[in-house]
Amino acid sequence: MQKRILCINDISCMGKCSLTVALPVISAMGIEAVAMPTAILSAHTVFEGYTFYDTTAQMQEAFSHFDKLGESFDAIYTGYLGSTEQIELVRRFISKHPESLIITDPVMGDNGRLYSGFDRDYPRAIRELCCCSDVLLPNLTEACFIAEMPYIAEEFSLDYLTHIAARLSRLSDNSVITGVREQEHIAVYTAQHDQPIKRTAASRLINKQLHGTGDVFASVFAGMMVLGKELTEAASFATEFTEMCILNTVTDPKARWYGLTFEPCLHTLYEKCRG
Ligand code: PXL
């Protein structure tokens, strides 16, 4: 039977992130993507003057409808949630789905700062969601907010990462920390159960801010997990695919800065996953 992932994330009409990335990526992997929009924005929050339409009421009704129909999901993948109220709503829905692998991308910031629209209380609420998740996918900034550790952008020790991972492991068995800057690479570290933290994958460092990169990574990762791959294999392949998309974007002199030019790479997902 075809696998299916419930994707709980915003729709940024423009800017290529969240659901506008998750749906094509997961579909290209041959997996059904069920979309649950958390908000509709004209563009992601890095664009000045973005519009924001809250869809909490619709989420509530959609969750009730799914409950009534008795729907089940191989995984529930959550990304951008607009409010602590939505976090609570998602937590309640997740608690009724023991059959699902719960993958939480705690979208809330980058480069040591929270995104526009999130206040200092938000990381505490996200921690509650992390507690009922099987896998966390924070970037280093988000990992620091969750772990209540200072953010150090570069030249930190392995001890620093180990400390962060140990705090995340109090909340969830598995964490994949992305966006760890090294001299020439951006690395991905995985922490599983009580095993030592591991540098699992790396891609070449490109000094350009490309929004939506984390969403491409998380969508591929979620798809690979649902297809039965080991966590480290899923993280490695997601890194490889994301790097391919980044290179495809930065080598195009006419590319807009809106997000990754991932579309020409989708066929490689289909080929990898078909079978
Ligand atoms: O890519 C993460 C993300 C998701 N959703 C919205 C965002 C961002 C990052 O800026 O603004 C609305």
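Residues numbered from 1 in each chain as written. Predicted model: local features only at pLDDT ≥ 70, side-chain atom pairs only at ≥ 80, totals over all residues. Heavy atoms only, no water.

**Q** I'm lost on the layout of surface pockets in this one. Help?
**A** One water molecule sets the probe size; rolling that probe over the atoms shows where empty space is left. Considered as a void within the structure, the largest pocket measures approximately 1,000 Å³ in volume. Every residue lining the largest pocket is counted, 47 residues in all, and those nearest its centre are Asp-110, Gln-209, Leu-210, Thr-213 and Gly-214. Going through the elements one at a time, strand S1 (4–14), helix H5 (140–147), strand S9 (174–181), strand S10 (185–192), strand S11 (198–204), helix H7 (213–226) and helix H8 (231–250) are the ones with two or more residues in the lining of the largest pocket. Each residue belonging to the lining of the largest pocket can be placed in one class, and the counts come to 19 nonpolar, 19 polar and nine charged. (1 Å grid on protein atoms, 1.4 Å probe; cavity = no way out; pocket = protein on both sides within 12 Å on 5 of 7 lines; lining within 4 Å. Points joined across faces, edges and corners; volume = space filled by probe spheres on them. Helix = DSSP H or I, 4+ residues; strand = E, 2+ residues; numbered from the N terminus. Nonpolar A, V, L, I, M, F, W, Y, C, P; charged D, E, K, R; others polar.)

**Q** I would appreciate a short explanation of the nonpolar core in the present structure.
**A** Here is a general trend for soluble globular proteins: nonpolar side chains tend to be buried in one another's company. Counting residues in each nonpolar core, the largest one holds 48 residues, and the members touching the most others are Leu-6, Ile-8, Phe-63 and Ile-164. At six residues, the largest contribution of residues to this core is made by H5. The contacts of Ile-8, once residues within four sequence positions are left out, are Met-36, Thr-38, Met-59, Phe-63, Ile-76, Tyr-77, Thr-78, Gly-79, Tyr-80, Leu-81 and Val-90. Ala-22, Ile-103, Ile-246 and Leu-266 belong to the second-largest nonpolar core, a separate cluster that totals 42 residues. (Core = buried A, V, L, I, M, F, W, Y, C linked by side-chain atoms within 4.5 Å. Buried < 20%, exposed > 50% of the residue type's maximum accessible area, 1.4 Å probe, protein only. Contact = heavy atoms within 4.5 Å.)

**Q** I would appreciate a short explanation of the site of the ligand in the present structure.
**A** Residues in close proximity to the ligand total 13 residues, the closest being Asp-10, Ser-18, Thr-45, Tyr-80 and Asp-215. Within the side chain of Asp-10, a nitrogen or oxygen atom sits 2.7 Å from a nitrogen atom of the ligand. Contact between the ligand and Asp-215: an oxygen atom at 2.7 Å from a side-chain N or O atom of the residue. Starting from 310 Å² of accessible surface for the ligand in isolation, the protein chains cover 97%. Because more than half of its atoms lie within 2 Å of the grid, the ligand is assigned to the largest pocket. Across the shell around the ligand, the residue classes tally to six nonpolar, five polar and two charged. (Near = heavy atom within 4 Å. Polar contact = N/O pair within 3.5 Å; in protein donor to acceptor, adjacent residues only side chain to side chain. Areas by Shrake-Rupley, 256 points an atom, 1.4 Å probe, with all protein chains shown as cover. Sits in = over half its atoms within 2 Å of the grid points.)

**Q** Where do I start with the side chain of Arg-127 in this structure?
**A** Following the sequence through the fold, Arg-127 ends up in helix H4 (residues 122–130). One polar contact links the side chain of Arg-127 to the main-chain carbonyl oxygen of Phe-145, over a distance of 3.0 Å.

**Q** It is not clear to me how the packing of aromatic side chains should be interpreted in this structure. Could you clarify?
**A** Aromatic ring pairs: the centre-centre distance and the angle between the two ring planes describe each pair. Under the defined criterion, the tally for this structure stands at eight aromatic pairs. Seen from their ring centres, Phe-118 and Tyr-122 are 4.3 Å apart, and the 40° between their planes marks the pair as tilted. For Phe-118, a relative accessible area of 10% corresponds to the buried category. Given the relative accessible area of 3%, Tyr-122 is considered buried. Ring pairing ties together the aromatic residues Phe-63, Phe-66, Phe-73 and Phe-93, which thus form one cluster. (Phe/Tyr/Trp six-rings, centres within 6.5 Å; stacked < 30°, edge-to-face > 60°.)

**Q** What am I meant to see in the packing of helix H1 (residues 19–28) against helix H9 (residues 266–273) here?
**A** Two packed helices can be described by the angle between their axes and the distance between those axes. It is the contact of H1 with H9, at a shortest axis distance of 8 Å, that shows an interaxial angle of 35°. Residue-level contacts link Pro-24, Val-25 and Ala-28 of H1 to Leu-266, Leu-269 and Tyr-270 of H9. Taken together, the residues that form the contact of H1 with H9 break down as six nonpolar, no polar and no charged. (Axes fitted to C-alpha atoms, helices over the stretch in contact; angles between N-to-C directions.)

**Q** Would you take a moment to explain unusual backbone geometry for this structure?
**A** The phi angle of most residues is negative, glycine excepted, and most peptide bonds adopt the trans form. If you check the backbone angles, Lys-16 has positive phi at about 50° while not being a glycine. With respect to the helices and strands, the residue Lys-16 is situated in the loop between S1 and H1. On the basis of relative accessible area, Lys-16 is assigned to the partly exposed category, the value being 25%. With a phi angle near 55°, Glu-148 is a residue other than glycine that sits in the positive phi range.

**Q** Sorry, what's going on with helix H2 (residues 56–69) here?
**A** In an α-helix, one full turn covers 3.6 residues, which means residues spaced three or four apart are oriented alike. The terminal C-alpha atoms of H2, which comprises 14 residues, lie 20 Å apart, in line with the 20 Å expected from a rise of 1.5 Å per residue. All buried positions along H2 are accounted for by Thr-56, Met-59, Ala-62, Phe-63 and Phe-66. Along the long axis of H2, the arc covered by the buried residues comes to 115°, so they all point the same way. Residues of H2 that are exposed and point more than 90 degrees away from the buried face comprise Glu-61, Lys-68 and Leu-69. (Expected span 1.5 Å × (residues − 1). Arc of directions from axis to C-beta.)

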